[in-house]
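Analysis of the macromolecular model
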Amino acid sequence: MDGHSHPSRRLPALVGDWFGPHTSAAADWPPHTLLPAKGATTVSVVLPARDEQETVGGIVAAIRRDLVEDVPLVDEIIVVDSRSTDATAVRATEAGARVVSQDDVLPGLPSLSGKGEALWKGLAASTGDIVVYADSDLRNFGSHFISGLLGPLLTQPHVHFVKGAYERPLTGPDGVAQRGAGGRVTELVARPMLNLYWPELAGFVQPLGGEYAARREVLEAVPFVTEYGVEFGLLVDLLQHIGLDAMAQVDLGCREHSHQSTAALGRMAGQIMLTAWSRLERQGRIVASEPPATGLLQFDADGNTTLSDVGVAERPPLASVLGARATARPPAMSSPPPVPAEPSVTSPMVLPLAPPMPALPAVPSATEEVA
Ligand SMILES: O=c1ccn([C@@H]2O[C@H](COP(=O)(O)OP(=O)(O)O[C@H]3O[C@H](CO)[C@@H](O)[C@H](O)[C@H]3O)[C@@H](O)[C@H]2O)c(=O)[nH]1
Ligand SMILES: O=C(O)[C@H](O)COP(=O)(O)O
């Protein structure tokens, strides 16, 4: 990503004031310089993975080599196997990750699906004071993706959440990369919605990016939307929970990943729109007589139609589920979130977005022929 330090004149004042002091680059945080700041702080890397056998092993191996063996910044690497049907779990294990199956974590809970669920289960399965998330489909992964995100968290106590920023090419079937053309849902849905309704967040270069890190207490204090609503929901909820000054971003360079089809991105866009709608309603900014419909009817080039459910569900703050565990852990922040005295194993684990939406664990690829 070029020019990240000079856009303030083009940004609204509130974003301009935030952008410069809260935006750095991975090169500013060489791993060995972070070791003294790490001290006794423990770091977990959590990689959600659904059918990522081509890439997950290489990503785990790079983290192990650079950030466990060479410079010990990372204490555990967890791959959350999100119902893969390929050799994802084998490749990740061979490369040195601890692999947990999404459905085996907190097995007493009703099963939900999608990326948000994998991240929430990864949070529950991990132990680090800081949790770093990264996608498992990155094609140009380097360990600077992880160490860069750790920089502000390890060195700046007021920072509680760090998001990756990058340039995103769109690589066609011919292998030709079109610079800056990637991130289609980001540009067509997420960025306009954030600018319209949460303009404080407009300075995040890649609001939907899957690479971000936060202090455990912060992640355990907010809900996780399932499916692909999770990143949008986290940004909006964290803005409310910790404030913009506690949020930062780090330029990680260029990010290449596997592209989904336009139809799949349409379903992702629907999930993100429903997530935004739920937050607007929850914040009292819209009042609706009925919730939005969650069906998405799509047409292919031959006129075939598919009807998908793009409804999203939500996990409650993990701290409210694992109160005993949260209180047992030494706090890394001055004011940990309040937790109930007893594990709330009988409380509702699937919170419908408000106002009530069907808590449907929709799988984007599961489509129903209607014609
Ligand atoms: O049910 C799922 C779906 C995806 N993933 C994993 O999540 C990561 C990202 O999923 P992907 O399908 O590659 O998402 P993108 O098309 O790249 O979507 C972008 O936008 C999404 C919505 O904000 C984010 O969740 C992604 O991180 C971001 O890269 C990958 O490691 C997947 O294997 C799961 O673990 N479970
Ligand atoms: O983040 C996004 O906007 C989606 O993942 C789509 O990304 P792509 O256009 O690079 O495939």
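Residues numbered from 1 in each chain as written. Chains lettered and ligands numbered in written order. Predicted model: local features only at pLDDT ≥ 70, side-chain atom pairs only at ≥ 80, totals over all residues. Heavy atoms only, no water.

Let's shift gears to the overall build of the chain. What the chain contains, in helices and strands, is 12 helices and 15 strands. In the chain, which comprises 371 residues, the share counted as buried stands at 55%. Across the chain, contacts joining residues at least 24 apart in sequence account for 76% of those joining residues at least 6 apart. Element-wise, carbon and sulfur atoms account for 56% of the exposed surface of the chain, whose accessible area totals about 15,200 Å². (Helix = DSSP H or I, 4+ residues; strand = E, 2+ residues; numbered from the N terminus. Buried < 20%, exposed > 50% of the residue type's maximum accessible area, 1.4 Å probe, protein only. Contact = heavy atoms within 4.5 Å. Areas by Shrake-Rupley, 256 points an atom, 1.4 Å probe, with all protein chains shown as cover.)

All right, on to the confidence of the model for the chain then. Where the model shows low pLDDT, its predicted coordinates should not be examined in detail. Of the residues in the chain, 84% reach a pLDDT of 70 or more, and the chain-wide mean stands at 87. No element of the chain has a lower mean pLDDT than strand β15 (residues 368-369), at 36, and none a higher one than strand β5 (residues 130-133), at 99. Scored below 50 in pLDDT, residues 328-371 shows 98 contacts in the model against residues more than four places distant or in partner chains. Interface confidence for the predicted complex, expressed as ipTM, amounts to 0.98; the pTM equals 0.88. (pLDDT = per-residue confidence, 0-100.)

Attention now goes to the nonpolar core. The biggest cluster of nonpolar side chains holds 55 residues, and the ones touching the most others in it are Y133, F161, W198, L201, F224, F232 and M247. Looking at this core element by element, the count peaks at 8 residues for helix α9 (residues 230-242). Contacts of L201, omitting those with residues within four sequence positions, involve L194, L235, V236, L239, L244 and M247. Core analysis: the second largest hydrophobic core is formed by 39 residues, V43, V45, V159 and V250 among them. (Core = buried A, V, L, I, M, F, W, Y, C linked by side-chain atoms within 4.5 Å.)

Before going further, it helps to examine helix α7 (residues 184-197). Taking 1.5 Å per residue, 14 residues should reach 20 Å; α7 reaches 19 Å between its end C-alpha atoms and fits that length. The sharpest bend along α7 reaches about 35° and sits at A190, with the proline P192 one to four residues further on. Taken together, the buried positions of α7 are occupied by V185, T186, V189, A190, M193 and L194. At its buried positions, α7 is contacted by α9 and α10 (262-282). (Expected span 1.5 Å × (residues − 1). Bend = angle between axes of the 7 residues up to and from the residue.)

Ligand 2 sits among R168, G182, G183, R184, V185, T186, L208, H257, H259 and L265. With respect to ligand 2, the backbone of G183 contributes an N or O atom lying 2.8 Å from an oxygen atom. In this structure, H259 approaches ligand 2 through a side-chain N or O atom, which is 2.8 Å from an oxygen atom. Calculation on ligand 2 without its partners gives an accessible area of 320 Å², and the protein chains cover 95% of this total. Taken atom by atom, the bulk of ligand 2 overlaps the largest pocket. Its residues assigned to classes, the shell around ligand 2 comprises 3 nonpolar, 5 polar and 2 charged. (Near = heavy atom within 4 Å. Polar contact = N/O pair within 3.5 Å; in protein donor to acceptor, adjacent residues only side chain to side chain. 1 Å grid on protein atoms, 1.4 Å probe; cavity = no way out; pocket = protein on both sides within 12 Å on 5 of 7 lines; lining within 4 Å. Sits in = over half its atoms within 2 Å of the grid points. Nonpolar A, V, L, I, M, F, W, Y, C, P; charged D, E, K, R; others polar.)

Moving on: the site of ligand 1. As a structural note, the neighbourhood of ligand 1 is formed by 19 residues, with E52, K115, D135, Y228 and E231 the closest of them. The contact in question runs from a nitrogen atom of ligand 1 to an N or O atom on the side chain of S82, over 2.8 Å. Take D137: an N or O atom from its side chain is 2.8 Å from an oxygen atom of ligand 1. Here ligand 1 has 670 Å² of accessible area as a free molecule, and 96% of this is covered by the chains. One can see that ligand 1 is located within the largest pocket.

The next thing to look at is the environment of G142. Within the element layout of this structure, G142 appears in the loop between β5 and α6 (144-155). G142 sits 86 residues away from Y228 along the chain, and the two C-alpha atoms are 24 Å apart.

What follows is about the sheet that holds strand β11 (residues 247-254). By way of backbone hydrogen bonds, the strands of a sheet pair with one another, either parallel or antiparallel. Taken together, 8 strands build an open sheet; the order of strands is β1-β11-β6-β9-β5-β2-β3-β4 and the sheet is mixed. Lying at the two open borders of the sheet, with one neighbouring strand each, are β1 (23-25) and β4 (98-101). Ignoring strand direction, the axes of neighbouring strands in this sheet form an average angle of 25°. As judged from the 4 bridges shared by strand β3 (residues 76-81) and β4, these two strands associate in the parallel manner. Residue pairing across strands places D81 opposite S101, the latter belonging to β4. (Pairing = 2+ DSSP bridges. Axes fitted to C-alpha atoms, helices over the stretch in contact; angles between N-to-C directions.)

Now for the packing of aromatic side chains. Scanning all chains against the criterion turns up 8 aromatic pairs. When the centroid spacing of 6.1 Å and the interplanar angle of 70° are considered together, the rings of Y197 and W198 count as edge-to-face. In this structure Y197 comes out as partly exposed when scored by relative accessible area, which is 33%. Relative accessible area serves as the criterion here: at 3%, W198 is assigned to the buried category. Grouping aromatic residues by their ring pairs yields a cluster made of W18, F19 and F204. The positively charged end of R285 is found above the aromatic ring belonging to W198, 5.5 Å away from the centroid. (Phe/Tyr/Trp six-rings, centres within 6.5 Å; stacked < 30°, edge-to-face > 60°. Lys NZ or Arg CZ within 6 Å of the ring centre and 35° of its normal.)

For the rest of this paragraph, the subject is the UniProt feature "domain: Glycosyltransferase 2-like" (unreviewed entry) in the chain. Mapped onto this numbering, the UniProt entry annotates "domain: Glycosyltransferase 2-like" (unreviewed entry) at residues 44-153. Secondary structure content for residues 44-153 is 40% helix and 18% strand, while the C-alpha to C-alpha distance between its ends is 13 Å. (UniProt positions renumbered as here; feature names shortened; annotations may be inferred.)

The gaps of empty space that remain are located by a probe, the size of a water molecule, rolled over the atoms. Here the largest pocket defines a volume of roughly 850 Å³. What lines the largest pocket is a set of 40 residues, and nearest its centre among them are E52, D135, D137, Y228 and Q260. Looking at the lining of the largest pocket, the elements with two or more residues in it are β2 (43-49), α7 and α10. (Points joined across faces, edges and corners; volume = space filled by probe spheres on them.)

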